[in-house]
Amino acid sequence: MSNPKYKWIGTRPDRPDGADKVTGRARFGADFNLPGQLIGKVLRSPHAHAIIKAIDTSKAEALPGVKAVVTAQDFPDQPNLIVPTGEMQVNLRDITRNIMAREKALYEGHPVAAVAAVSEAVAKQALALIKVDYKVLPHVIDVAEAMKPDAPLLHDHLLTEGADPPASKPSNIAKRIEFKKGDAKAAFAHAEVVVERDYSTQAVHQGYIEPHAALASASEDGQVQVWSTTQGHFQVRGFCSRLLNLETSQIRVTPTEIGGGFGGKTVVYLEPLAIRLSQKSGKPVKMTMTREEVFRASGPAPGGNIKVKIGAMRDGRIVAGECTVEMQAGAFPGSPVGPACMCSYACYDIDNVHIVGFDVVSNRPKVAAYRAPGAPISAWAVESTIDILAQQLKMDPIELRLKNAAKKGTKTAYGVTFNTIGMVETLEAVKNSAHYKAPVKHGYARGVAAGFWFNVGADSSAAAHVGEDGSVTVISGNPDIGGSRASLALMAAEELGVDYDKVRPVIADTASIGFNFVTGGSRVTFATGLAVVNSVRDLIRELKVRAAKIWKVDPEAVIWENGMAKPAGSNVGEFEPLSIADLAAQAGRTGGPINGHAQLNVTGAGPGFGVHVVDLKVDHDTGCVTVGRYTAAQDVGTAIHPSYVEGQLQGGAVQGIGWALNEEYIYNSKGRLENPGFLDYRMPVASDLPMIETILVEVPNPTHPYGVRGVGEVPIIPPVAAVGNAIARATGVRMVDLPMSPPKISEALEAAAPRMAAE
Amino acid sequence: MSEIQYQTAKTVKEAAKFMLAAKGKGYILAGGTDLLVQMKSGLRTPGVIIDVKKIPEMTTVVEKKGSFVIGAATPAAVLGENKKLKKAWPGVIEAANLIGSTQVQGRASMGGNLCNASPAADSVPALVAAGCTVTVQGPKGKRTVPVEKFCAGPGKTTLKPGEIVVSLTLPARPKNSSDAYRRLIPRTEMDIAVVGMGVSLTMKGDTCVAARVGLGAVAPTVLRVDKAEKALVGSKLDDKALDAAAAACSAACKPIDDKRGTIHYRTKIAGVLLKRVALIARDRVKGIEHHMHDQWA
Amino acid sequence: MAKIHVNTTINGAPTEFLCDANQTLLEVLRDNLGLTGSKEGCGSGDCGACSVTINGRLVCSCLVLAPEAESVKIETIEGMADGDKLHPLQKKFVEMAALQCGICTPGFLIASRALLAKNPNPTETEVRFWLAGNLCRCTGYDKIITAVLDVAAEMRESAK
C-alpha cells in the first residue's frame, strides 16, 4: 500500500533507530549516568492542603553522604506571567510553586524539599530527617465542590477571569470562557427534538511507561548540562532558564530517548531541582520518579462535568448546540478547558452554538496535556448526546453525522473557517468499511463516534549537511516519540531524490540546532517535516550552485532530478549529471562545505477528524465489557510512513478505550490518591483488546508540500463515546459517568431493570 | 550499607531455625512477588530474608496414592506444567495460574499466596474448595491445619514464631470429581480479584454427591461456604439448587467498599460466580472443558 | 553489613558483582553492570519492562533479589542478538513497526521469545494472555501481536 504519487513517501522502511531500540542500546532518561553523580530525591507533602509554616533541613544536611538540600528558598520567586508550553499555557508564578511548594502544599505529592546524596538509600534517609511544620487545611477535590462559594480556597488572589459580572471575591474558579455562534436559545425554541444530558469524567493519566528522569551537571563557570526525557528540550531549557535565573545559552539540554509522553512530558518537574542541587553540591545530580511519584505528582489529564443540550429537526438537521464544561485544573489554573470548548461541536456545521467553560482549581496535581487536551472530555458528552439523538430519530449514526458534517467553508464556534478538511470523507470511509458493513454479531452492539483536533504548527529549525562522501545528514530538534525520524528521512529522501538509507536523521541538542517547539500538538511530521523539506531545498539550491560553478554556467540553468544535478536543457551544454557524491568531492574547490538550513513558524496545520466504530458485548450479570471489533478511521493528509500513522490511530484508540472503561484517579476522604500504581490504575492490557483496524483517509493538506496533516491526537477523542454508545445500545442504558467500569454498568443495569421490565 | 541480611536455607528445619533466630524480623523469600513489593512500599521491613528455594521439599510436587504434596515455594508456572496435577485439580491449577502476569507466575507460589493472607488471594478459594491441608514446620516439629483455618485476617496468618509453611496437601480424589476457579476482575488480566470463587464437586450421574465452596475477596479471610455446599449436594445442579447456593454465598459475604469493588457489587457477584463456577466444575466431570480465556463461556 | 558477593552467568558470560541483600536484580543489572536495556517502569511487577529470563523462566527482574542470581543463568535483552545478527523477533518488530517509543520493547522481546520457546504455535488469544504482563501505551498492542504471530509462523516454517 504505497502512495503512487511518490517514490519514498508512503513506503514502510525500517526506522533509523530500530536496531538500537530492539537491542537495549538506545538510552532513555534513566539510562544516563555521569561519574561521581549524586542521587536526588524529593520530599513530598502528605497533605492535600496545608500551610507550610517552617521547614528544618538541618539534620538532613548534617547526614554523612548528603551533599545538598534545596527548598523554595533556593528558587527565585516568579512574576505573574503566562508562557506557552506545548498546547497549554502556564503561569511562571505557578510553575515555580508547582516544582517546589512555597507558601502552601496544594496537593498530596507536592514537592516541599529535595536532597542530593551519594546513594539513593542515603537520600531517602535524608528525606526522613527533614522536618516540615504543616498547618493542615480543609481540602477540596471534586470540581463541583470546589466551585461552591464556601469551598476551601486554594489561592487568595484568584478572581475569576472572564466572570460576568466581574468577580469581587476570590474563588477556586480561575476562568470563565464563552464561545457563541448565532443564537442558540432562540433556535432551541424552534427545534423539533431536544436532547439534554449531564456527564462527568474522572482524571486520567497519560500512562507513559517511562517515569520522569533527569541528569544535571553544573559547572563552576555557570554552564549547565541537562539530559532529560522530555518532549521538548528547548522547553526544558526555557523553563529552567526562567526558574533559575540563568541565560538560555548557559543551559545545554540533550533530549534522551523518551519512553512515552503524550503531553505529560512537555513540562518540567525534576530538571530545575536537579540543576539547583548540582549547583549547590558541585556534582552531577541524577533524579528519577518512582511510578508512585509519577501518579501522585506529575500532571494528569483533568476530569470534569459537562452539560450538553442539542436541538434538531426530525430530519436530522442539528439547529442548536449548547455545552457547559467545568474542568479540573488541579492545584494551579490552566486546564485545557479552552480546547475542550472549541472542539465540542467542531465536527459539525451548526448555525447556533453556545459554549461556556470554567477552569477550576482543586487540591490535586496540576494537570498537564494529554493527547488532544480537553477534547476527549467534551467529545464524550457531545458524541453521546448525538447518539441519543440518532436513537430518538431512528437514524443511522453515520447518516446523522453526514447530514451535519463540517466541510470546507464551515465556520466553527470559535471563529475559524475550515479550509480543505476530511470529515465527510472519513464518515464515508467508515460507512463503506468492512467493519461497518458487517452485521453486528449476536450478543454484541455497535457504537460510533467522531472527534476533531486542530493540530498546531509553531517553530521548527532544521539543517541538512553533506558529508565528504555524499551522504546526507538531516538535523532537527524534536524528540522522536513515535517514529518521526523515519518520516523526516522519508521526506528528505523524496525531496532529494536519493535512497532513504542515504539520509541519516539526527536529533540535536539545544546548543546544536535552532529553536524548536515541543514534540506535541501533532506537529512534528507537519511543521518539523516542513522545516526539513525546506532545509533540503536550501541544500539543493546550493548543490545546483556548485554544479553551475563546475560547468561554468548560470545556476538557473541547472535542474535537480533523481538525486542529480543536470543541465536544464541540451542548449546549456552536454554535461554528465553530477551526484551529491560528485559535488561533495569538489566542495572545497567550489565554495566549501555544502549545508542547507531552514527555520520557520508554521501556520496552516490542517485540522484532523476521526470516526471510530466499536462492536462490544456487555455481560449483564457482571457489567464486564468485551471489545470484539474496533476500527479507527481518520483523515491523515498524506501518510508519510503508513505504519507509524496506523500506530498513532491504534495507540490513541486504546488509550481512549482505557479512559472509557477503567481508568480513573481515586481519592480518599483525606485527599490522598488511592491508586498510584499500574495495579489499580487500570490501563488496557494486551488480552483486553482485539486488533485495531485502521482506515487512513488521505485528504492532503494544501499548506504542506507533501500534504501532511497532523495525526497523533485525534485518535484518542472518538473512542470514549464510541464505547459508551455501544454500551447504550447493548444494554438499553445510557452511561453518563466515566469510567464505565463493571460495578457502574452493573449498578446502572440494576437501576434500569424495573423500567426495562415494564417496557 | 544495608542492615538487611539474606540467608539461604538448605532444609526445612534450617529455615525454621533461621526464622526463630530472627526474632520476629525474619521473612521467608519464596517467589518474592509480594515481599519485594512490600519492602519497596515500606509495608514490611525485614531484618533477615530467608530464601527457601534451595529446599527440595518446598519446591517439588510429590504424588502419593492420588494425593499431591505440593512444595509451598513451587512457582505457579511449574505447577501449571505438571500434567497429573492439572488433570486431577484443574481448578487449583487455574487459580494458581491467575496470580499476576506470566512473569509473576514464573516466581509466585501458592504457599506465598497463602501466607501473604490477602483476602483476595487467587489460589486460596480453590485450595479451600479442594480440602487442602497445610503442613507447617516449627521449632517443636510439624503440624497440619485445614487451609480455611490458616489465615486469621487481612495480612495475618496463624503461624507462630519460628513456624514456616512447608507444603500444601491435596487429598486423593474420588472418581467423577473435578473443580474450577473463576474470579471477577475489571480487565481480563493483571487485576486483584474483586470476587474469587472455587468449587469442587463429586458427581454421581447427574447428581452432585459432594461439594466444597471457597469464596474469596468478600471477607477478611477466604470463606468456606458450607450452606452453599449443602444446597448443591443431592441436587442435579438445577436452577433451584444453584439459586439457593448463590444466595448462600451472597449471604456469607462480609465485604468492604474499596477501590476494587463495593459491598453491593461484591455481594451480587458472589452469587453470579457460584452458579457459573459450579457448572464449569460439573462440565469438567463430564469431560467438557471451558477455557479460562473464553470469558464466561 | 558486608556486601554479598554473587557469581552468576549473564547472557552466557560469567559475571560477578557485589550487592546489598535488598537490592533487586534490576538495580544491579542497570546500576552495577551497565546493562540498562532492562527498564524500570513501575518497580512492582505490574508492567513487565524489566523482564528477563532466569534458567529459561520469564520473570520480572524488579521482583528478584540480586543475591538470588547466585549460580543461575540470566538472559537479558542485551544477549538477544547473536553478535550483530538480530533475532527474528527483533527484526520483525522493526519491520512491522511494533514499537513507537521503544521503552517497553526489550520486555516484550524477552517475553515473546520465552513464549515461542514454550509454545511455537500460539493462537492470537494465547499470545495476548501471555503478554498481558507487558504494558505498552503507544501501540495499542496490535502490531506487537502481529509481529509475534508472524515470527512464530516463520520459525515453524524454517524448522520444517
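Just so we're clear, the structure is a prediction, and the values are computed from it rather than from any experiment.

Definitions and limits used
Residues numbered from 1 in each chain as written. Chains lettered and ligands numbered in written order. Predicted model: local features only at pLDDT ≥ 70, side-chain atom pairs only at ≥ 80, totals over all residues. Heavy atoms only, no water. Axes fitted to C-alpha atoms, helices over the stretch in contact; angles between N-to-C directions. Helix = DSSP H or I, 4+ residues; strand = E, 2+ residues; numbered from the N terminus. Parallel < 35°, antiparallel > 145°, perpendicular 65-115°, else oblique. Contact = heavy atoms within 4.5 Å. Nonpolar A, V, L, I, M, F, W, Y, C, P; charged D, E, K, R; others polar. Salt bridge = Lys/Arg side-chain N within 4 Å of Asp/Glu carboxyl O. Core = buried A, V, L, I, M, F, W, Y, C linked by side-chain atoms within 4.5 Å. Buried < 20%, exposed > 50% of the residue type's maximum accessible area, 1.4 Å probe, protein only. Domains from an automatic or database assignment. Buried area = accessible area lost by both parts, 1.4 Å probe. Polar contact = N/O pair within 3.5 Å; in protein donor to acceptor, adjacent residues only side chain to side chain.

Interhelical geometry of helix H21 (residues 742–758) of chain A versus helix H12 (residues 263–285) of chain B gives an angle of 80° and a closest axis separation of 10 Å. By the angle between their axes, H21(A) is roughly perpendicular relative to H12(B). Across the interface between the two elements, Pro742(A), Pro743(A), Ser746(A) and Glu750(A) of H21(A) pack against His264(B), Tyr265(B) and Lys268(B) of H12(B). In terms of residue class, the contact of H21(A) with H12(B) is made up of 3 nonpolar, 2 polar and 2 charged.

Moving on: the interface of chain B and chain C. When the parts of a complex come together, some accessible area is lost, and that lost area is often taken as the interface size. Chain B puts 31 residues into the contact, and the matching count from chain C is 31 residues. Applying the counting criterion to the chain B and chain C interface returns 5 salt bridges. Broken down by element, the side of chain B that touches chain C gets its largest block of residues, 4 residues, from helix H2 (residues 35–41) of chain B. Classifying every residue of the side of chain B that touches chain C by side-chain character gives 13 nonpolar, 11 polar and 7 charged.

Before going further, it helps to examine the nonpolar core. One finds Ile727(A) and Phe93(C) to be the most contacted residues of the largest nonpolar core, which totals 193 residues. Ignoring anything within four residues of it in the chain, the contact list for Phe93(C) reads Val22(A), Ala98(C), Leu99(C), Thr105(C), Phe108(C), Leu109(C), Ser112(C), Ile144(C), Ala147(C) and Val148(C).

All names here are of chain C. Domains assigned within chain C are domain 1 (4–79) and domain 2 (88–159). Here domain 1 and domain 2 have C-alpha centroids that lie 22 Å from each other. Each partner contributes to the interface: domain 1 provides 14 residues, whereas domain 2 provides 13 residues. Interface area for domain 1 against domain 2, summed over the two sides, is near 1000 Å², with a carbon-plus-sulfur share of 64%. Counting the surface domain 1 buries against domain 2, the share from its top three residues, Cys47, Leu58 and Ile77, is 43%. Summed over the shared surface of domain 1 and domain 2, the result is 0 salt bridges. Seen at the junction of domain 1 and domain 2, the total is 3 residue pairs in polar contact (both at pLDDT 80 or more). The greatest single-element share of the side of domain 1 that touches domain 2, amounting to 3 residues, is contributed by strand E3 (residues 51–54). Its residues assigned to classes, the side of domain 1 that touches domain 2 shows 5 nonpolar, 6 polar and 3 charged.

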